[in-house]
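# Geometric and topological summary
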Amino acid sequence: MGRVYNFSAGPAVLPEAVLQEAQAEMMDYRGCGMSVMEMSHRSSMFDDIIHETEADLRKLMNIPDNYRVLFLQGGASLQFAMIPMNLMKNRVADYIVTGQWAKKAWQEAQKYGKANKIASSEDKTFSYIPDCSDLPVSPDADYVYICENNTIYGTKYKKLPDTKGKLLVSDVSSCFLSEPVNVSDYGIIYGGVQKNVGPAGMVIAIVRDDLITDDVLPFTPTMMKYKTHADNGSMYNTPNCWCIYICGKVFKWIESMGGLAGMKAHNEKKAAILYDYLDQSRMFHGTVVKEDRSLMNVPFVTGDKELDAKFVKAAEKAGFLNLKGHRTVGGMRASIYNAMPVEGVQKLVEFMKKFEEENL
Ligand SMILES: *Cc1c(COP(=O)(O)O)cnc(C)c1O
């Protein structure tokens, strides 16, 4: 069958150039006679890889010197616990619940202190981002937590909430490196890499250095203290070496695409092709309010479950894979991450037009 257009929400499409490079280096990484999968994480070869990877990320995101970059395991979901364990000094935190991932983080935090839900969009199946200009932020909140791009529902904050001076913690798993960000706006900005940056099994947490202390909740496991990882250059134990290596290649690919500004233009172009079509289609329509639409995850429906299923099946046959929507939304979802080429979205829209003509 060859390569398909893969619209998976995660793990997801990676740049072909990156896969080819990894293939070329598989048997013998730069003359050392072994693959990166086989080398010691304490070797000078790997030391160069992790340092270059971090340096490239710092350059891409323009990360200030007072932030640490941590390559951690346990996925984004382990951060749901690590964040309160490390930050909940007053045992109070405020959560904005805009989807399943934010909800899971909020529920996890309840184990460690008082986790307040200060805003939510659950009343309308998370199809919008609530107004965050004047939130009831708790006076003693240790932080305010958001999920910036809601992978399942296809919403994205276009403006960060006013946290009234409190620390902002953000899960950017599904919009990581999709557009420029101002790292200084956050206490912690983190994401699982398998959505937009690399293979599964790692999360990158960018943490302001004053938040990295021994003053954590008393029962916090050693492995769940940011300080453990910061003090050991993300190598307290064996890191996910392969994932770090591939992420490094993706960072170079993004740089070659014009950095994050280039990535944003590329992503806006793709999203416009799909949303413009959805806005005038007589069969398909988007499920999210226009002003909160994600550039990365685009859910849409026909309004008829059987027709949705027929479309997903036909699309699969035509080489457009993983378009089935999340079970809580139904319908379809096209995840059009950084590595999805413009051509993939153009061809998908052509296919949708044809399906519409034939089935309306
Ligand atoms: C996928 C996803 C997660 C969960 O990631 P894991 O690495 O599987 O734990 C968390 N948050 C968001 C926004 C996601 O898209």
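See the structure printed just above.
Given the structure is predicted, the values throughout are model-derived calculations rather than measurements.

### Let's talk about the sheet that holds strand S8 (residues 168-171)
Reading across the sheet, the seven strands line up as S2-S10-S9-S8-S5-S3-S4 and stay open at both edges, with mixed pairing between neighbours. The open sheet has two free edges, formed respectively by strand S2 (67-72) and strand S4 (114-120), since each of these has just one partner strand. Each strand axis lies, on average, 20° off the axis of its neighbour in the sheet, ignoring direction. Pairing analysis gives five bridges linking strand S9 (residues 188-192) to strand S10 (residues 203-208), with the strands arranged antiparallel. Paired with Ile188 across the bridge in S10 is Val207. Packed onto the sheet, helix H3 (residues 75-87) meets S2, strand S3 (92-97), strand S5 (144-147), S8, S9 and S10 and runs at close to 155° relative to S9. The sheet contacts of helix H4 (residues 100-109) involve S3, S4, S5 and S8, and relative to S3 the element is tilted by about 160°.

### Considerations on the site of the ligand
If you check the shell around the ligand, you find Gly75, Ala76, Ser77, Phe80, Trp101, Cys147, Asn149, Thr151, Asp171, Ser173, Gln194 and Lys195 and nothing else. Contacts to the ligand include Thr151, whose side-chain N or O atom sits 2.4 Å from an oxygen atom. Lys195 is positioned with one of its side-chain polar atoms (N or O) 2.6 Å from an oxygen atom of the ligand. Of the residues belonging to the shell around the ligand, the class tally is four nonpolar, six polar and two charged.

### Remarks on the sheet that holds strand S11 (residues 285-286)
Taking strand neighbours across the sheet as the criterion, the three strands line up as S11-S12-S14 in an open arrangement whose pairing is antiparallel. Two strands lie at the open edges of the sheet, namely S11 and strand S14 (332-335), each paired on one side alone. Its contacts with the sheet put helix H7 (residues 259-280) on S11, strand S12 (297-301) and S14, and the angle it makes with S12 is roughly 20°.

### Focus on the nonpolar core
Ranked by internal contacts, the top residues of the largest apolar core, which has 86 residues, are Met61, Leu177, Ile204, Ile206, Phe284 and Phe311. Looking at this core element by element, the count peaks at 10 residues for helix H6 (residues 241-256). When residues of this core are assigned to domains, at least three fall in each of domain 1 (17-256) and domain 2 (258-359). Those residues within four positions of Leu177 in sequence are excluded, and the remaining contacts are Leu57, Leu60, Met61, Asn196, Val197, Phe251, Ile254, Leu260, Met263 and Asn338. Membership of the second largest hydrophobic core comes to 36 residues, among which are Ala76, Ile188, Val203 and Ala205.

Thresholds, definitions, all that
- Every residue gets a number counted from 1 within its own chain, in the order that chain's sequence is written.
- Thresholds applied to this predicted model are a pLDDT of at least 70 for local features of residues and 80 or more for the giving and counting of side-chain atom pairs; totals over whole chains, interfaces and linings are not thresholded and use all residues.
- Here the side-chain values reflect all heavy atoms present in the structure, with hydrogen atoms and water set aside.
- Should DSSP find at least two bridges between two strands, the strands are regarded as paired.
- Only DSSP runs of H or I reaching four residues or more are called helices, and only runs of E reaching two or more are called strands; each is numbered from the N terminus.
- Note on geometry: axes are lines fitted to C-alpha atoms, helical ones only across the stretch in contact, with angles between N-to-C directions running from 0 to 180 degrees.
- By definition in these notes, contact holds between two residues if any of their heavy atoms fall within 4.5 Å.
- We call a residue near a molecule or strand when any one of its heavy atoms sits within 4 Å of it.
- Any pair of nitrogen or oxygen atoms within 3.5 Å is treated as a polar contact; in protein, a donor-acceptor pairing is required on top of that, and neighbouring residues in sequence qualify only through side-chain atoms on both sides.
- Side-chain classes are defined by residue name, with Ala, Val, Leu, Ile, Met, Phe, Trp, Tyr, Cys and Pro counting as nonpolar, Asp, Glu, Lys and Arg as charged, and the others, Gly among them, as polar.
- Nonpolar cores are built from buried Ala, Val, Leu, Ile, Met, Phe, Trp, Tyr and Cys residues. Side-chain atoms within 4.5 Å join them into one set.
- A 1.4 Å probe rolled over the protein chains alone gives each residue an accessible area, and that area as a share of the maximum for its type sets the label: buried under 20%, exposed over 50%, partly exposed in between.
- As used throughout, domain bounds are those supplied by an automatic or database domain assignment.

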